[in-house]
Amino acid sequence: QVQLVESGGGLVQAGGSLRLSCAASGRTFSSDTMGWFRQAPGKEREFVAGITWSGGNTDYADSVKGRFTISRDNAKNTVYLRMNSLKPEDTAVYYCALKPKAFPSYNYWGQGTQVTVSS
């Protein structure tokens with residue numbers, strides 16, 4: 001059974017930084033893709049960043065390019081999202097997600113962690 005557990009959210013002032021972590025368990029992740037999504041109040045969930053376990057290929061939403069960095073530690077089965085230069089519009093619940101290689105979309109989700117950026 002796949003489990004994804006996020007941590008690292010909190011309250012930060014605009015311009016500050018946070019690092020989110022997602023600890024994954026329950027399967028071998030060597031061919032999977034991990035992603036971070038976020039959902040702000042009243043808005044749809046949106047893609048933030050993604051990374052492949054094997055090659056470390058990354059992808060980012062335009063709104064976070066140059067400010068956020070996704071990375072992984074294969075030995076710890078953990079994916080990170082380093083967020084710098086945070087803006088109030090980054091305020092959202094951030095979710096970690098897994099897309100197994102055989103699936104066309106992300107189909108495992110964590111419980112989410114709140115990130116609040118004050119102005």
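First, a word on what this report is: a plain description of the structure on this page. (Residues numbered from 1 in each chain as written. Predicted model: local features only at pLDDT ≥ 70, side-chain atom pairs only at ≥ 80, totals over all residues. Heavy atoms only, no water.)

### A short note on the state of the cysteines
This is how the line gets drawn: In this description, a disulfide is simply a cysteine sulfur pair whose atoms lie within 2.5 Å. Put simply, DSSP marks the helices as runs of H or I at least four residues long and the strands as runs of E at least two long, and each gets a number from the N terminus on. With a 1.4 Å probe rolled over the protein chains alone, any residue whose accessible area is under 20% of its type maximum counts as buried; one over 50% counts as exposed, and the rest are partly exposed.
In this structure the tally under the stated criterion is 1 disulfide. Shown here is the disulfide that connects Cys22 with Cys96, its sulfur atoms set 2.0 Å apart. Across the disulfide from Cys22 to Cys96, rotation about the S-S bond amounts to roughly -75°, and the bridge is consequently left-handed. One end of the pair, Cys22, is in strand β3 (residues 18–25); the other, Cys96, is in strand β9 (residues 92–99), with 74 residues separating them in the sequence. Of the two residues, Cys22 and Cys96, both sit in the buried class.

### Here we look at the pairing of strand β5 (residues 46–52)
The side chains of a regular strand alternate, first on one face of the sheet and then on the other. Spelled out, the test is: In this analysis, strands are considered paired if DSSP registers two or more bridges between them.
Among the 7 residues in β5, 5 count as buried, and that is most of the element. Here 6 bridges tie strand β4 (residues 33–39) to β5, and the two strands are oriented antiparallel to one another. Pairing of Met34 across the sheet is with Ile51, part of β5. Direction of pairing for β5 relative to strand β6 (residues 58–60): antiparallel, over a ladder of 3 bridges. Bridge pairing in β6 links Ala49 to Tyr60. Here β5 folds back onto β6, and the loop between the two strands holds 5 residues, one of which, Gly56, carries a positive phi near 75°.

### Describing the packing of aromatic side chains
Note the threshold: Paired rings are identified among Phe, Tyr and Trp, the last through its six-membered ring, by centres lying within 6.5 Å, and are further divided according to the angle between planes into stacked (under 30 degrees), edge-to-face (over 60) and tilted (the rest).
A full pass over the atoms with the stated rule returns 4 aromatic pairs. Look at Phe37 and Phe47: their rings are 5.5 Å apart centre to centre, the planes differ by 75°, and that puts the pair in the edge-to-face class. Placement of Phe37 in strand β4 and of Phe47 in strand β5 is noted, with a sequence separation of 10 residues between them. In textbook terms, an aromatic cluster arises when at least three aromatic residues are bridged by ring pairs, as seen for Phe37, Phe47, Tyr106 and Trp109.

### A few points about the pairing of β3
One ladder, built from 5 bridges, connects strand β1 (residues 3–7) with β3; its direction is antiparallel. Along β3, the bridge assignment pairs Leu4 with Ala24. Of the pairings in the sheet, the one linking β3 to strand β8 (residues 78–83) comprises 6 bridges and is antiparallel in character. From the neighbouring strand, Leu18 faces β8, where its bridge partner is Met83.

Interpretation in functional terms is not warranted from these geometric data alone.
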